[in-house]
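One-letter residues, chain by chain:
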Amino acid sequence: MPLPAIEHETAANPRYSILWLHGLGADGNDFAPIVPELVDPAWPPLRFVFPHAPVRPVTINNGLSMRAWYDIAAFDLNARQDEVGMRASIGEVETLIARERSRGVPSEHIVLAGFSQGGAIALAAGLRHPEKLGGIIALSTYLPLHATLAGERHAANATLPIFWGHGTLDPVVILQRGTDSRDLLQSLGYTVDWHIYPMAHAVCAEEIDDLRRWLGQRLA
């Protein structure tokens, strides 16, 4: 069963889908309001899917239960990664992609997007996906499971376009983690459309404008 999700179709019979994963402790409602700001009326019909992550205890938040794509032990790079949780969430994304396929949207018309923890899963899932996707939107995030990516990535998405936006003042996912992730992806041959903004752990109007231009090229 796919995760529960909020859906928004810009017109009947969508030909493209954007699966948008929220950050830690939020839910699918978090980015749903972005649709009217982001969408260009000239674009073909789109379906936005904003899934709700499962509820789980999160170590860094004193073990409180909240919606999370995986557990976080600490914010530093050397902290234990919740590989089991990450791989389970990659599986949830695969299920969501399969549902869009069953609704008539070809895989190359499916874009994975995510903020923070959601962006990490969008990257991990998209680069390993066995069929060509439309792109990845990675916002204020980092590359998880990076040590196994070279061996697990799929050739179908070797040329996948990646939009990456990051705040220079981000105290949660510091800019260095973003640039390190970008550099690793570029070393593996990926093209990363990199943008930085004078903001904290957030999304800003300029970023949405840049993303609209980038998406417009994918949807042309």
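Quick note: structure is the one above.
First things first, this report covers the structure right here in the doc.

What counts, and where the lines are drawn
Residues numbered from 1 in each chain as written. Predicted model: local features only at pLDDT ≥ 70, side-chain atom pairs only at ≥ 80, totals over all residues. Heavy atoms only, no water. Salt bridge = Lys/Arg side-chain N within 4 Å of Asp/Glu carboxyl O. Helix = DSSP H or I, 4+ residues; strand = E, 2+ residues; numbered from the N terminus. Expected span 1.5 Å × (residues − 1). Buried < 20%, exposed > 50% of the residue type's maximum accessible area, 1.4 Å probe, protein only. Arc of directions from axis to C-beta. Contact = heavy atoms within 4.5 Å. Pairing = 2+ DSSP bridges. Axes fitted to C-alpha atoms, helices over the stretch in contact; angles between N-to-C directions. Core = buried A, V, L, I, M, F, W, Y, C linked by side-chain atoms within 4.5 Å. Phe/Tyr/Trp six-rings, centres within 6.5 Å; stacked < 30°, edge-to-face > 60°. Lys NZ or Arg CZ within 6 Å of the ring centre and 35° of its normal. Polar contact = N/O pair within 3.5 Å; in protein donor to acceptor, adjacent residues only side chain to side chain.

## Describing the pattern of salt bridges
Logical step 1: Going through the model one piece at a time under the given rule, you end up with 13 salt bridges.
Logical step 2: Here R87 and E83 are joined by a salt bridge, their closest N and O atoms 2.8 Å apart. Taken together, the positions of R87 and E83, both in helix α2 (residues 83-102) and 4 residues apart, correspond to about one turn of that helix.
Logical step 3: Via salt bridges that share partners, E7, E9, R47, R99, E100 and R103 belong to a single interconnected network.

## A few points about α2
Logical step 1: Helix length check: α2 (20 residues) gives 29 Å between terminal C-alpha atoms against 28 Å at 1.5 Å per residue, within 8%.
Logical step 2: When we look at burial in α2, the residues that qualify are G85, M86, S89, I90, V93, L96, I97 and E100. The buried side chains of α2 occupy one side of the element, clustering within an arc of 140° when seen end-on. Looking at α2, the residues exposed on the side facing more than 90 degrees away from the buried face are V84 and S102.
Logical step 3: On its buried face, α2 sits against β2 (16-21), β3 (46-51), β4 (55-58), β6 (110-115) and α3 (117-128).
Logical step 4: Two residues or fewer after α2 comes G104, characterised by a positive phi angle close to 95°.

## A word on the sheet that holds strand β8 (residues 162-167)
Logical step 1: Reading across from one edge, β1-β3-β2-β6-β7-β8-β9 is the order of the 7 strands in this open sheet, with mixed pairing throughout. Edge strands, defined here as strands with exactly one partner in the open sheet, are β1 (5-9) and β9 (192-197). Between one strand and the next, the sheet's axes are offset by a mean angle of 15°, whatever the strand orientation.
Logical step 2: Sheet contacts for helix α5 (residues 175-187): β8 and β9; angle to β9, the most-contacted strand, approximately 165°.

## Section: the nonpolar core
Logical step 1: Membership of the largest hydrophobic core comes to 37 residues, with the highest contact counts inside it found for Y70, L112, L123, L127, I162 and L185.
Logical step 2: Of all the secondary-structure elements, those providing two or more residues to this core are β2, α2, β6, α3, β7 (135-139) and β8.
Logical step 3: The leading source of residues in this core is α3, at 7 residues.
Logical step 4: Ignoring any residue separated from it by four or fewer positions in sequence, one finds Y70 in contact with R56, D82, G85, M86, Q117, A120, I121 and Y142.
Logical step 5: Core analysis: the second largest hydrophobic core is formed by 26 residues, I18, F50, L139 and L211 among them.

## Points about the packing of aromatic side chains
Logical step 1: Per the counting criterion, the structure on display carries 6 aromatic pairs.
Logical step 2: Pairwise contacts between aromatic rings join W20, F31, F48, F50 and F115 into one cluster.
Logical step 3: In this arrangement the basic side chain of R177 is found over the ring face of Y142, its NZ or CZ atom lying 4.0 Å from the centre.
Logical step 4: Looking at R218, its charged tip hangs above the ring of W214, at a distance of 4.7 Å from the centre.

## Here we look at unusual backbone geometry
Note: most residues except glycine have negative phi, and most peptide bonds are trans.
Logical step 1: Even without glycine at this site, N62 takes up a positive phi of about 60°.
Logical step 2: Positionally, N62 belongs in the loop between β4 and β5 (64-67).
Logical step 3: Looking at N62, the relative accessible area reads 75%, which means it is exposed.
Logical step 4: Its identity as a non-glycine residue notwithstanding, S116 has a phi of 60°, on the positive side.
Logical step 5: Along the chain, S116 turns up in the loop between β6 and α3.

## Overview of the environment of D27
Logical step 1: Looking at the element boundaries, D27 is found in the loop between β2 and α1 (34-38).
Logical step 2: On the basis of relative accessibility, which here comes to 25%, the residue D27 falls in the partly exposed class.
Logical step 3: The spacing of D27 and F50 is 23 residues in sequence and 8.1 Å in space, taken between C-alpha atoms.
Logical step 4: Dropping the residues within four chain positions of it, D27 is found in contact with H22, H52 and R67.
Logical step 5: A polar contact is formed between the side chain of D27 and the backbone nitrogen of N29, at a distance of 2.8 Å.

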